[in-house]
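# Architecture at a glance
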Amino acid sequence: MPKYVIKPNVYCISINDRTTDLFEGLWPVTEEGVSYNSYMIVDEKKVLIDLSKAFKGDEFFDAVEEIIPISELDYVIMNHLEPDHGGLVTTMRRINPNLTILCTDKAKEMLATFYNITDNVQAVSDGETLDLGTKTLQFFHAPFVHWPETMVTYDTADNILFACDAFGGYGAIRGAIFDDEIKEEEWEFYIRESLRYYVNIVAKFSGQVNKAIKKLVDAGLKIDVIAPSHGIIWRKNPGQIIELYQKWAGYMLGETEPGITVLYASMYGNTEAMMNAVVQGISEVGVPVEVFDVARINVSYILPALWSNKGIMIGAPTYEAGLFPLMVYVLDMAKRKRILNKKVARFGSKGWSGGAQKEVEELVERNRWELTDYFEFTGHATKEELTKGEEFGKKFAQLIKSS
Ligand code: FEO
């Protein structure tokens, strides 16, 4: 009997991955894990929506066969081709060469290049429907949520949105998969990991996320269940994750939280001592602050704070007449993820020559942020300079609070 039944004859196959260290080869999931969800609808026609990662083949195909023999599948709907979902398509085709793959026209092109599959692939247009017998599916193209070929699938009989990457999150499933079964103490984990996933994977395309949500709203869809390809299934309160996505997408436009992300790096503790003074000043104003040592904390965990908070305080020393290199990396990643509309201040030890400030100014301009203030000290900060640092933090926090 399949573990997760969403509605009669609609199943979720959720494969946990606690082996992959880096999602997309970039983002750490060693501690959190990740799930790959696919969905099966058994009607007169039998449909699988999305697949799983290649190395999970045995587990995945066993789970499919718990529901129906693979040879009975009529369709595989590929909402998205990225190999965390599409990795098993070649094997699936070998097992059942007769099934038809349904996807967008762009995905059809990409199936040839990513998986060398050209036969028995049918492109579906935006809004097209598929009659399964008693149920009908409808397809909505959702380009760049997450790749250009992405779409979502809607079950019109059960009001289920199979949303693929949209509304998903990191975090292996810890038994319960439905939102109404998640324990109170697990919510913080799932919401935090949904935001981290959003910022790491989808946020750059926030404009397209908003467009996709608007398209579904304009189509008048009644959504009772959101069934994403990663993480939990929202059947009690699907509006919660939609609202969160709208809020997170709005951060790109400057509708951010009134907090400050402090990024710091320190070779011998001089800049760290100043960071503590600056943070003291920020906290005195009562502005929320999140502190990250960029040399020790993976950028994956830093990006959600940068995305969400209005202010960025950069504390980094000069290194070989430039900015400390790992700070350069984090600021560059922020640009790549289109983290916009930020107010910035910077402090740091200038060693003996200085040079970091010039590079900060270049990077801040490149990121289209606003540098509001800075100050530097030589080598080890004096008591007076630490007091000045506290005032510096206070002033920046007041600016953030009032803007
Ligand atoms: Fe979960 Fe973009 O793949």
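Every value quoted in this text rests on a predicted model; they were computed, and no experiment measured them.

## Some thoughts on the overall build of the chain
- Broken down by element type, the chain carries 12 helices and 21 strands.
- Taking the principal axes of the C-alpha coordinates as reference, the chain spans close to 80 × 35 × 35 Å.
- Looking at the chain as a whole, 58% of its 403 residues qualify as buried.
- Restricting to contacts in the chain with at least 6 residues of sequence separation, those with at least 24 account for 74%.
- Within the structure as shown, the chain displays about 16700 Å² of accessible surface, and the carbon and sulfur contribution to it stands at 49%.
- Separation between the mean location of the 42 positive side-chain charges and that of the 57 negative ones in the chain comes to 4 Å.

## Regarding the side chain of Gln-138
- Summarising the element assignment, Gln-138 is placed in strand β11 (residues 136–141).
- Within the structure, the side chain of Gln-138 is placed 3.0 Å from the backbone oxygen of Gly-127, a separation counted as a polar contact.

## Quick word on the pattern of salt bridges
- Under the defined criterion, the tally for this structure stands at 21 salt bridges.
- Ionic pairing is found between Glu-193 and Arg-192, a salt bridge with its closest N-O pair at 3.3 Å.
- A relative accessible area of 1% places Glu-193 in the buried class.
- The structure contains a network of salt bridges with shared partners spanning Glu-32, Glu-188, Arg-192, Glu-193 and Arg-196.

## Some words on the side chain of Asn-159
- With respect to the secondary-structure elements, Asn-159 resides in the loop between β12 (151–155) and β13 (160–164).
- Of the residues examined, Asn-159 reaches a relative accessible area of 14% and is grouped as buried.
- Leaving out residues up to four positions away in the same chain, Asn-159 has contacts with Tyr-154, Lys-222, Ile-223, Asp-224 and Val-225.

## Some details on the nonpolar core
- Ranked by internal contacts, the top residues of the largest apolar core, which has 96 residues, are Phe-167, Tyr-198, Tyr-245 and Leu-263.
- If one sorts the elements of this core by residue count, helix α5 (residues 187–202) sits on top with nine residues.
- There are two domains that each give this core at least three residues, and those are domain 1 (4–252) and domain 2 (261–402).
- Leave out the neighbours within four places in its chain, and Phe-167 touches Leu-161, Ile-213, Ile-226, Pro-228, Trp-234, Ile-241, Ile-242 and Tyr-245.
- With 31 residues, the next largest nonpolar core counts Val-42, Leu-51, Leu-88 and Trp-147 among its residues.

## Focus on a positive patch on the surface
- A cluster of basic residues, Lys-204, Lys-335, Arg-338 and Arg-368, forms a positive patch on the protein surface.
- Tracing the backbone through its elements, the reader meets Lys-204 in the loop between α5 and α6 (206–218).

## What about the environment of Leu-386?
- Inspection of the secondary structure assignment puts Leu-386 in helix α12 (residues 383–402).
- Residues Leu-386 and Met-274, 112 residues apart in the sequence, show an inter-C-alpha distance of 6.0 Å.
- Excluding its chain neighbours within four sequence positions, the residues that come into contact with Leu-386 are Ala-273, Met-274, Ala-277 and Ala-381.

About the thresholds
- Residues numbered from 1 in each chain as written.
- Predicted model: local features only at pLDDT ≥ 70, side-chain atom pairs only at ≥ 80, totals over all residues.
- Heavy atoms only, no water.
- Helix = DSSP H or I, 4+ residues; strand = E, 2+ residues; numbered from the N terminus.
- Buried < 20%, exposed > 50% of the residue type's maximum accessible area, 1.4 Å probe, protein only.
- Contact = heavy atoms within 4.5 Å.
- Areas by Shrake-Rupley, 256 points an atom, 1.4 Å probe, with all protein chains shown as cover.
- Lys, Arg positive; Asp, Glu negative; His and termini not counted.
- Charge placed at Lys NZ, Arg CZ, Asp CG, Glu CD.
- Polar contact = N/O pair within 3.5 Å; in protein donor to acceptor, adjacent residues only side chain to side chain.
- Salt bridge = Lys/Arg side-chain N within 4 Å of Asp/Glu carboxyl O.
- Core = buried A, V, L, I, M, F, W, Y, C linked by side-chain atoms within 4.5 Å.
- Domains from an automatic or database assignment.
- Patch = residues over 30% accessible without salt bridge, like charges linked within 9 Å, V, L, I, M, F, W, Y side chains within 5 Å.

Honestly, that's just the spatial picture; any functional story needs more than this.
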